[in-house]
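Structural characterization, general
The chain contents come next:
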Amino acid sequence: MTGELITKVISAKPGKTVAVFAGIHGNEKAGVMALEKVLKTFQLDAGTAYFVIANPEAVKLNVRFIEKNLNRLFFTSNDGQTTEDERARELMKVLDECDALLDLHGYNGEEDSPFIITDGEGLELASKLDFGYIITGINKAGDGATDCYMTEQKKPGLCLECGSNFHPEKYAALAEKSIYQFLKFYGLVESAPGFDSREQKLFKTGEIAIRQSETFAFDREYQNFDELKSGAVFATDGENKYTAKENEYIIFPRPNQKIGQESFMLVSRINS
Ligand SMILES: [Zn+2]
């Protein structure tokens, strides 16, 4: 299996097969920088590793996507016609060979709160990485993401939100360290930075809001993991008002989306 910007590295020693993706969203550069650096320096001690620049055209143009959000296209019945649909089908073939996936992303905010989205088999590794926040349970809510595709097959898939897209050079080191820890966890490299044991806040996915009208607005500016005030209206979308419940936090607040795209996601804390 080869395709544009898919690097396959095979060790003489048998072992697991894993994939590292970066640039699923072309404007999220920390992972791309980290992956390019790892490819220049690393030594595979066992198994097979795929390193993938997932949406090269979007990376080149520094845009989230060209026609469709690639991270909503990973589902087996995908028969779409865009370049991104084709790329998703090609990358699903790679994932079908893999035991685990690390998918590197970033977020559009200034806050310093890198987080992981994963589920099931991915949680054990997530607990060993240097991230303060973990979100689970997205599989039921948002089909078509790479981590959901893996989770559906009972395989670990971790989406790492490595930090602010506005400062990729600041967060490339975290992405790079995580790649090595991922490869070490699955036995593909012998040396890697030690696993981390920092305190982590665990959240469960709730609603994903799809923009319905021309007039969407939040009541104020939000950042990832801002806690919403219970009982208060925090967003309006045309006639529709969004009222917060107890223990609700906002993720991916995007006030300027097109109709039909995701304006925000809600999560709730499940550990204290
Ligand atoms: Zn992303």
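Residues numbered from 1 in each chain as written. Predicted model: local features only at pLDDT ≥ 70, side-chain atom pairs only at ≥ 80, totals over all residues. Heavy atoms only, no water.

1. Focus: the coordination of the zinc ion
Reference geometry at the metal: tetrahedral coordination by four donors gives ideal angles of 109.5 degrees; octahedral coordination by six donors gives 90 or 180 degrees. Spelled out, the test is: Coordination partners: N, O, S within 2.8 Å of the metal, 3.2 Å for Na, K and Ca; water not considered, so apparent gaps in a site are possible. Sites are called tetrahedral only when four donors show all angles between 85 and 135 degrees, square planar or octahedral only when four or six donors show opposite pairs over 155 degrees and all other angles between 65 and 115, and irregular in any remaining case.
All of the protein donors around the zinc ion are H25 (ND1), E28 (OE), E28 (OE) and H105 (ND1); their distances to the metal are 2.0 to 2.5 Å. Given 4 donor atoms and angles of 55 to 150° at the metal, the environment of the zinc ion is assigned as irregular.

2. As for the domain arrangement of the protein chain
So the rule is basically this: The domain boundaries here were taken from an automatic or database domain assignment. Throughout, a contact is declared for two residues whenever any of their heavy atoms are within 4.5 Å. Accessible area, probed at 1.4 Å, shrinks when two parts are joined; the buried area is that loss added up over both. What counts as a salt bridge is simple: a side-chain nitrogen of Lys or Arg found within 4 Å of a carboxyl oxygen of Asp or Glu. Polar contacts, as counted here, are pairs of nitrogen or oxygen atoms within 3.5 Å of one another; within protein the pair requires one atom able to donate a hydrogen and one able to accept it, and residues that are adjacent in sequence qualify only if both atoms are side-chain atoms. Going along the chain from the N terminus, every DSSP run of H or I of four or more residues is numbered as a helix, and every run of E of two or more is numbered as a strand. Under the convention adopted here, Pro, Cys and the residues Ala, Val, Leu, Ile, Met, Phe, Trp and Tyr are nonpolar, Asp, Glu, Lys and Arg are charged, and Gly plus all remaining residues are polar.
Each domain of the protein chain was delimited in the assignment, giving domain 1 (6-185) and domain 2 (204-269). Each of domain 1 and domain 2 has a C-alpha centre, and the two are 25 Å apart. On the domain 2 side, the residues contacting the 17 residues of domain 1 number 14 residues. Buried area between domain 1 and domain 2, both sides added, is near 1200 Å², and the carbon and sulfur share of it is 59%. Contact with domain 2 buries area across many residues of domain 1, yet E111, F115 and I135 alone supply 35% of it, more than any other trio. Our count for the contact surface shared by domain 1 and domain 2 stands at 1 salt bridge. Put simply, E262 and R72 hold a salt bridge, and the shortest N to O gap is 2.8 Å. The interface formed by domain 1 and domain 2 includes 3 residue pairs in polar contact (both at pLDDT 80 or more). Breaking the side of domain 1 that touches domain 2 down by element, the ones donating at least two residues are β5 (115-117), β6 (133-136) and α5 (138-141). Sorting elements by how many residues they give to the side of domain 1 that touches domain 2 places β6 first, with 3 residues. For the side of domain 1 that touches domain 2, a count of residues per class yields 8 nonpolar, 4 polar and 5 charged.

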